[in-house]
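Here are the chains, one letter per residue:
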Amino acid sequence: HLARAARGAVAADPADGAELLRRGVRRVTHIPIGSNIAPAPPAGYERAAWRAQHGVRPDDFLLGYFGFLNHSKGGDTLIRALAVLAERKAPVKLVLIGGEAGASDPTDAAFGAQLERLIRRHGLEDDILRTGFISPAEVSAHLLACDALALPYRDGASLRRGSLMAALAHGCAIVSTMPAAPVPELRDGENIRLVPAESPEALVLAVTELLAAPALRARLGQAAQATAALFGWDGIARRLLDFLAALD
C-alpha cells in the first residue's frame, strides 16, 4: 500500500523492483545500497600480525562470514560445509565477524542455539573464531584478513545485502549463492563464485577450489573491488536526487 500510494519507489535489488511493478507500483527505480563498512582497518594494521594475534597460523585458510547467523543467511549450510572440510582435514578456520544475533528478529536466538548444537555435534569448537560485536575498523581488519568469504544466503546473493556489499568493497574472494533473479553485476567465476543455495556439498567444492588456487582468489578479489566502485555512496546519492527530481 505504501509503495502504491507513493509518488515513486526505490528498490535496492532488481528482483524487488520487478515485484513492485507486478504489484501495480507505477514509478520504480533501481538504486543499490553501498557498503556500510569502509576498507579502513585500525592504524598500523598488518594482515599477518592480525591473523597471528587471533590464533590463525600462516598455513591456515581463513574463511570469513559477516553478519547475523539467522535462517535467511544460511548459517546452518555454512556449519555443515565446515564439518565436511574438517572431516577431510582441510586447513580451514572459520571466523564469524560481528554479532551472531540481532534484536529485530526474535527467531535469531533460537536459530543460533540450533547452530551451537550443530557445532558441538561435529566437534568444530576449535575451528571457529567469534568476534562478537566490534567496531567498523575491526570488522574491516577481519575482512581483509580472510582468504575468502562465504555468504550462503538462502534466497540468493542480492544487492540489498549489506554483508555482500562490504565483502565486495574489501576485495574479498566471495562464495555466495545463485540469485533468485539475474543480477548482472554479479558474474560467476569473474567477480564472485555462485553455488546453489542450501547445498553444503556445493559450498565445500567452491571453498576447496579457492583453497587450492591463490591466483583465482586474487583475481576474484580484484574484480570484486572493481565491482564495488559501481556502488559508491556519492553515486547512490546522485541517482536518488535525480529520481526525486524526475518525480516533480
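Residues numbered from 1 in each chain as written. Predicted model: local features only at pLDDT ≥ 70, side-chain atom pairs only at ≥ 80, totals over all residues. Heavy atoms only, no water.

Chemist: How do you make sense of the overall build of the protein when you look at a structure like this?
Modeler: In terms of helices and strands, the protein carries ten helices and eight strands. Taking 18 Å as the expected radius of gyration for a compact globule of 248 residues, we find that the protein reaches 19 Å, a close match to that expectation. For the protein, the spread of C-alpha atoms along the three principal axes comes to 60 × 40 × 30 Å. Out of the 248 residues belonging to the protein, those deemed buried represent 46%. (Helix = DSSP H or I, 4+ residues; strand = E, 2+ residues; numbered from the N terminus. Rg over C-alpha atoms; globule rule 2.2 N^0.38 Å. Buried < 20%, exposed > 50% of the residue type's maximum accessible area, 1.4 Å probe, protein only.)

Chemist: What exactly am I supposed to notice about the packing of helix H8 (residues 200-211) against helix H9 (residues 214-228) here?
Modeler: When two helices pack together, their arrangement is given by the angle between the helix axes and by the axis-to-axis distance. One can describe the packing of H8 onto H9 by two numbers: an axis separation of 6 Å at closest approach and a directional angle of 105°. Considered as vectors, H8 and H9 are oriented roughly perpendicular to each other. Counting all contacts with H8, which are made through Glu209, Leu210 and Leu211, the residues of H9 involved are Pro214, Leu216, Arg217 and Leu220. Across the contact of H8 with H9, the residue classes tally to five nonpolar, no polar and two charged. (Axes fitted to C-alpha atoms, helices over the stretch in contact; angles between N-to-C directions. Parallel < 35°, antiparallel > 145°, perpendicular 65-115°, else oblique. Contact = heavy atoms within 4.5 Å. Nonpolar A, V, L, I, M, F, W, Y, C, P; charged D, E, K, R; others polar.)

Chemist: For this particular structure, what's the right way to read the sheet that holds strand E8 (residues 193-195)?
Modeler: As a general point, the strands of a sheet are linked pairwise by backbone hydrogen bonds and lie either parallel or antiparallel. Taken together, six strands build an open sheet; the order of strands is E5-E4-E3-E6-E7-E8 and the sheet is parallel. Unpaired on one side and paired on the other, strand E5 (128-132) and E8 mark the two borders of the sheet. With strand direction ignored, the average angle separating the axes of adjacent strands in the sheet is 25°. (Pairing = 2+ DSSP bridges.)

Chemist: What am I meant to see in the side chain of Lys93 here?
Modeler: Counting through the fold element by element, Lys93 comes out in strand E4 (residues 92-97). As a buried residue without a salt bridge, Lys93 has its nearest oppositely charged side chain in Asp127, at a separation of 4.9 Å. Of note is the side chain of Lys93, whose polar atom sits 3.0 Å from the backbone oxygen of Asp126. The contacts of Lys93, once residues within four sequence positions are left out, are Gly55, Asp60, Phe61, Leu62, Leu63, Asp126 and Asp127. (Lys, Arg positive; Asp, Glu negative; His and termini not counted. Salt bridge = Lys/Arg side-chain N within 4 Å of Asp/Glu carboxyl O. Polar contact = N/O pair within 3.5 Å; in protein donor to acceptor, adjacent residues only side chain to side chain.)

Chemist: Looking at this model, I keep getting lost on the pattern of salt bridges. Mind explaining?
Modeler: Close approach of charged atoms allows side chains of opposite charge to pair. Summed over all chains, the structure comprises 15 salt bridges. For the salt bridge of Asp155 with Arg160, the shortest nitrogen-to-oxygen distance reads 3.5 Å. By relative accessible area, Asp155 is classed as partly exposed at 33%. A residue is classified by how much of its surface remains accessible, and Arg160, at 36% relative accessible area, is partly exposed. Its salt-bridge partner being Asp188, residue Arg193 comes within 2.8 Å of it at the nearest N-O pair. Accessibility expressed as a relative area gives 16% for Arg193, which makes it buried. It is possible to trace a salt-bridge network through shared partners that takes in Asp16, Asp155, Arg160 and Arg161.

Chemist: Please explain the environment of Trp50 as it appears in this structure.
Modeler: In this fold, Trp50 is placed in helix H3 (residues 47-53). Considered as a pair, Trp50 and Leu144 are 94 residues apart in the sequence and their alpha carbons are 9.7 Å apart. Those residues within four positions of Trp50 in sequence are excluded, and the remaining contacts are Pro42, Tyr45, Glu138, Ala141, His142 and Ala145.

Chemist: Would you mind going over helix H2 (residues 14-22) with me for this structure?
Modeler: Since one α-helical turn is 3.6 residues long, residues separated by three or four positions face the same way. Sitting at the amino-terminal end of H2 is Asp13, which places a side-chain oxygen 3.0 Å from the backbone nitrogen of Ala15. Downstream of H2 by one or two residues, Gly24 has phi in the positive range, about 95°.

Chemist: How should a nonpolar patch on the surface be read in this particular structure?
Modeler: Together, Val10, Leu240, Leu241 and Leu244 give the surface a local cluster of nonpolar side chains, amounting to about 340 Å² of exposed area. Sorting elements by how many residues they give to the nonpolar patch places helix H10 (residues 233-246) first, with three residues. Tracing the chain through its elements places Leu240 in helix H10. On the basis of relative accessible area, Leu240 is assigned to the partly exposed category, the value being 36%. (Patch = residues over 30% accessible without salt bridge, like charges linked within 9 Å, V, L, I, M, F, W, Y side chains within 5 Å. Areas by Shrake-Rupley, 256 points an atom, 1.4 Å probe, with all protein chains shown as cover.)

Chemist: Help me understand the environment of Pro184, please; the structure alone is not making it clear to me.
Modeler: With respect to the element layout, Pro184 can be found in the loop between strand E7 (174-177) and E8. Pro184 sits in the exposed class, given a relative accessible area of 61%.

Chemist: Mind showing me how you'd approach the side chain of Asp147 here?
Modeler: Relative to the helices and strands, Asp147 is located in the loop between helix H6 (136-145) and strand E6 (148-151). Apart from residues lying up to four places away in sequence, Asp147 is in contact with Arg47, Arg51, Asp60, Phe61, Leu62, Ala173 and Arg217.

Chemist: Explanation requested: the pairing of strand E3 (residues 61-66) in the structure shown.
Modeler: The two faces of a sheet get side chains in turn, since along a regular strand they alternate between them. Across the six residues that make up E3, a large majority, six, are buried. Summarising the sheet, E3 and E4 pair through six bridges and their orientation is parallel. Considered in E4, the bridge of Phe61 is made with Val92. Read from E3 through helix H4 (residues 75-87) to E4, the crossover connection turns out right-handed. Relative to E6, E3 runs parallel, the two being bridged by two bridges. By the bridge assignment for E6, Leu63 is matched with Ala148. (Right-handed = clockwise from strand over helix to strand, strands pointing away.)

Functional significance is not addressed by these values, which are geometric in nature.
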